Every structure is written in C-alpha cells, then in structure tokens.
Amino acid sequence: MKQYPQSQKPVILLNIDSLMPEPLEVAVQTGRAPALQFLMENGTYIPNMVSSFPTMSVTIDSSLLTGTYANKHHIPGLNWFDDSRNEIINYGTGFRETFRLGMRRSIHNMLYRLNNEHLSSEVTTIYEELANIGIQSASINSFVYRGNTPQRLHVPRLLSTLTRFENGKWTTNTPATLSLGLFSKLRPRGFTMQIAAGNYKYTARELRHLIRKNKLPGFTFCIFQDMDARIHFKGPTDIKDITKIDRQIQKTLNMYPSWEEALNQNIWMVMGDNGQAATGTSYRKFIIDLRKILKKYRIARIERPVHKKDQLVLCVNQRMGYIYVLDNRLPLPAVIERLKSDHRIDIIAWKEKDSIHVLSGMREGLLIYRPKGEHSDVYNQTWKIEGNHELLDLYISNEKKVSYGDYPDALARLYSALHSHSGRFIVVNAKPGCDFKAQSTPFHLSGAAHGSLHKQETLVPLVIAGTTEKPTFPRLIDMKAFILRIISQQYKG
Ligand SMILES: [Zn+2]
C-alpha cells in the first residue's frame, strides 16, 4: 500500500444509510461502483463493524458522534417513552405515525429536543472535542449535530406554522458548518424538495461546494439517507442506490487532479449505519402485533396524552420494541409470560436490581448478567454471566473468554438499551423475517427492516482510504476515538 504524507489531511466520513457488506461487495466486484472500488482497493476494508442498539439511525449516529452506546448518550431509539414527562417521544418513525402524533411535534423533537434536551450533556460529541482543540467540523444532512457554535436556523415559511419555534427561528449549537435541508444550506441557491434532509444529489453537492471553495474543515460528516427507504421496500440485496451514490462519489473525486491525489489531500471513509433483515410475505406469520399479544391490558393510545388508567405504553422501533409497564400493581412477570408465548420473539430482556435478565420465546432457560465479573469478552469488557448463554448466542471458553455469534457485542448493547432512559420497561427483539407492530407503526412485509440486535442489521462495512490507521475495535463506538487520534496526530506535526 502507498504511503501518504502525514501533513494535514481533512477527514471526510460518508455515511450511507443501510449500506451492507454483501451488496457493497457485489456492486464493487461487478464494476457498478468504481469510486467505492477505488477506495477499497487503495485502502482498508472492514466488513463487520458493529452498530449500536437499537439499530435505528438516531441512536447509531449518536453513538458514532459521541463514542458511546445509548446508556451514556441517552438517545434510546426513534420511538421511546419519557417517563419523567409522561410523554411518547417520536423523532419521526414513519409518515403515518408522524402524522398522527403531529408533524409539529416530530419536527420539534427531531431538530431541537434531540440535540438540545435528550442527547446527554455528560457526553461530548466529536465536533465539541475537535473545537476544543481548535479544529472545525462540518455536518451535512445529519439530524444529530450538536457542536459548540451557536447558529440561528430558519424554518422555511411554508413550515413555520407547523413548528413550535418562535417566528420560525431558533438558536442551536452546531459544528461551525451545518447543512440540514431547508433549515441550513451551504449553497445560497441550493434547492431540495425534502424539508429536513436533502437527497443524495443535494448532499453530494453540498460536500462538493466545501471542496470547491476550499472550505473543508478538519472533519466532515456527511449522510446519504436515500437508500434506507428503497431497501425497506425492495429487500436487502438491492444495489441500485449504491450505483447512484457511487456516481456522486466519482464526481467528488473527479474534482481533484486524479483520484490518487484525492487520497493525498484527504482521508476518505465510507460506512453504513445499520443493515437490514429481509422480512416475510405473510402478515399473519411475520408481523408481531404487540397490541394483540398484550390485549388483556389497557394500552396507551398515541394520539392523546398518556392516561392515569393506561397500564402499558408500546414504543416500537421496527424489529425491536420497548414495552413500558406504567401500572405499578401489574407485575413484570405477567407481561413477560405473555410475550414469551410468541415464538417469533427471540429476546425478552429487563432490569432486575443490578442485573439484566434475558428470556426467549424461542428457547428455554434464563440468562442473568451484569457488568464487571470474571468473564471477559473480545472487546475487553468484563461481565458476570449466569444461566443459559445460548439465549444471546454467546460462546464461552474454559478460560471464561466470551465471543459473540448472532448478536454482536450483545452484552454491552442490550445493557445500553436497558439503561438508556428511566422507567419500568421490557426490551423485545424479533427473530429475522419478523417485524413488530403497534398502533400505526409502519411495518415492512416482503421487504426488509432493522432495529434489532441481530447481526443481519448490526454488521456494517467501513472503508478507510488515505491513511493506514484503523479503529481499535471494529465497532461504531470506536470511530470517535479513531478519528480524534488521526486528526490530532496530524495537527501536532
Ligand atoms: Zn430504515
């Protein structure tokens, strides 16, 4: 591999929503993604980076930018229940649900409260840490954007009646450069049909604008959001959008005298955020309607505030769900027993004192674990584990070394979801092929879905070109330290 000069090379991280290793490899080896092929052949390819849990974009992007799982950054999913305020928080799981909950609330939740109220102030984002050492960043098309430069954002007139921001303006802390659909544009005449995010062409044009104007900061994070929707509909093997996005990356690399020169001037990284698991065709067989399983209980309805008499709140994140038991007289085991009767639920987990308890609708036995103990896993985390470890497909050697099968980094990731927010709740995970449903949540038949702990939606690819450095472990939570390390090394010199 060629050596590149260690002078200052801005890092550009491209996150392609729902990019998975196999479709990427197929696109590259059949000549349908020349730019990605060039980066892979001239860089490092890691096909099995572990994503966050739930495998939903806001939780994942928060993990990527803060280097922590949800127990630290406190973004539990796209859809969760805030028990301190007795309120369902939805950042916009789908058109139907968003509409019912009120556009106004979703936009406000997504753009303002996520960054300014929910994302924990105990963690720092990569943008904040870089700014502290005098290095600027850019965020293009990401809903998670917290930095430390106050910016006044404008709500387009068309939308100002739909949002809670006074006069359609609000101040929020962002990286020095922010591009976010119509709210904040880098190119004065740029136009997007989407309100809060731009499509792949818009996103790539905003990036090329920074390169053309010589305004690339030390770190640029750029998200392409288009592929996700297509794969939900077409299934996980579709590669058409990889080809389309690759064409935009080609155009970007073409701005340099040669593609090799693009690697001399910048460090390029391309990654996915979550995979997708193919879903079955029959509603009856593959859609797990949690309201049906729990019909004995009074379930809160999402279009009105949670009522005193409501016993349960259901917050579905596609193939994972949070089940909140509000009624203190209702024992958790009663609800768990109902869930266990459905053989399509592969993991049922909850907190009990300091431990996590795990049951399954598919397997017998109980697994109990907690952090710090005599077992040590492949990421150097230690645990105390008792019971049937097959429930999380763990492999435990005679030396008490733990490695993971179907559920990568399962112990830490499941722990993180159960400690991501307060409340009395159960986490459920659907087996591959299945999808959860609650009131008005979108479900995905004959296509694909994500959200779960399973490796199908957990393992994502990462391509690194322009440096030979790699993250310490192949996990998204190790990206922040990795990027900080390569940037601070350069700027020291
Ligand atoms: Zn999706």
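How each quantity is defined
Residues numbered from 1 in each chain as written. Predicted model: local features only at pLDDT ≥ 70, side-chain atom pairs only at ≥ 80, totals over all residues. Heavy atoms only, no water. Helix = DSSP H or I, 4+ residues; strand = E, 2+ residues; numbered from the N terminus. Rg over C-alpha atoms; globule rule 2.2 N^0.38 Å. Buried < 20%, exposed > 50% of the residue type's maximum accessible area, 1.4 Å probe, protein only. Contact = heavy atoms within 4.5 Å. Areas by Shrake-Rupley, 256 points an atom, 1.4 Å probe, with all protein chains shown as cover. Donors = N, O, S within 2.8 Å, 3.2 Å for Na, K, Ca; no water. Tetrahedral: all angles 85-135°; square planar, octahedral: opposite > 155°, others 65-115°. pLDDT = per-residue confidence, 0-100. Polar contact = N/O pair within 3.5 Å; in protein donor to acceptor, adjacent residues only side chain to side chain.

## A few points about the overall build of the protein chain
From N to C terminus, the protein chain includes 18 helices and 24 strands. For 493 residues, the compact-globule formula gives about 23 Å, and the C-alpha radius of gyration of the protein chain, at 22 Å, lands near that figure. Seen along its three principal axes, the alpha-carbon backbone of the protein chain occupies a region of about 65 × 60 × 45 Å. A buried classification covers 61% of the 493 residues belonging to the protein chain. Counted over contacts in the protein chain with a minimum sequence separation of 6, partners at least 24 positions apart contribute 68%. Split by element, the accessible area of the protein chain, about 20000 Å² in all, is 49% carbon and sulfur.

## Notes on the coordination of the zinc ion
Coordination sphere of the zinc ion, protein contribution only: Asp-228 (OD), Asp-228 (OD), His-232 (NE2) and His-450 (NE2), at 2.1 to 2.4 Å. With four donor atoms in place around the zinc ion and angles of 56 to 152 degrees between them, the coordination shape is irregular. Counting residues between consecutive donors of the zinc ion along the chain gives the motif D-x3-H-x217-H. On the criterion of sequence distance, the pair formed by Asp-228 in helix H10 (residues 226-234) and His-450 in the loop between strand S23 (448-449) and helix H17 (455-458) is long-range, its members being 222 residues apart. Overall, the relative accessible area of 16% leaves Asp-228 in the buried class. Using a relative accessible area of 4% as the deciding quantity, one classes His-450 as buried.

## Structural notes on helix H16 (residues 410-418)
Taken across its nine residues, H16 has eight buried, putting it largely inside the fold. Where H16 is concerned, the buried positions are Ala-410, Leu-411, Ala-412, Arg-413, Leu-414, Ser-416, Ala-417 and Leu-418.

## Quick word on the confidence of the model for the protein chain
Taken residue by residue, the protein chain gives an average pLDDT of 91. The fraction at 70 or more is 91%. Every residue in residues 1-6 scores below 50 in pLDDT, and together they form 12 contacts with partners more than four places removed in sequence or on other chains.

## Here's the deal with the environment of Glu-128
Looking at the element boundaries, Glu-128 is found in helix H7 (residues 126-132). The residues contacting Glu-128, other than those within four sequence positions of it, are Val-123, Arg-146, Gly-147 and Asn-148. A polar atom in the side chain of Glu-128 sits 2.8 Å from the side chain of Arg-146.

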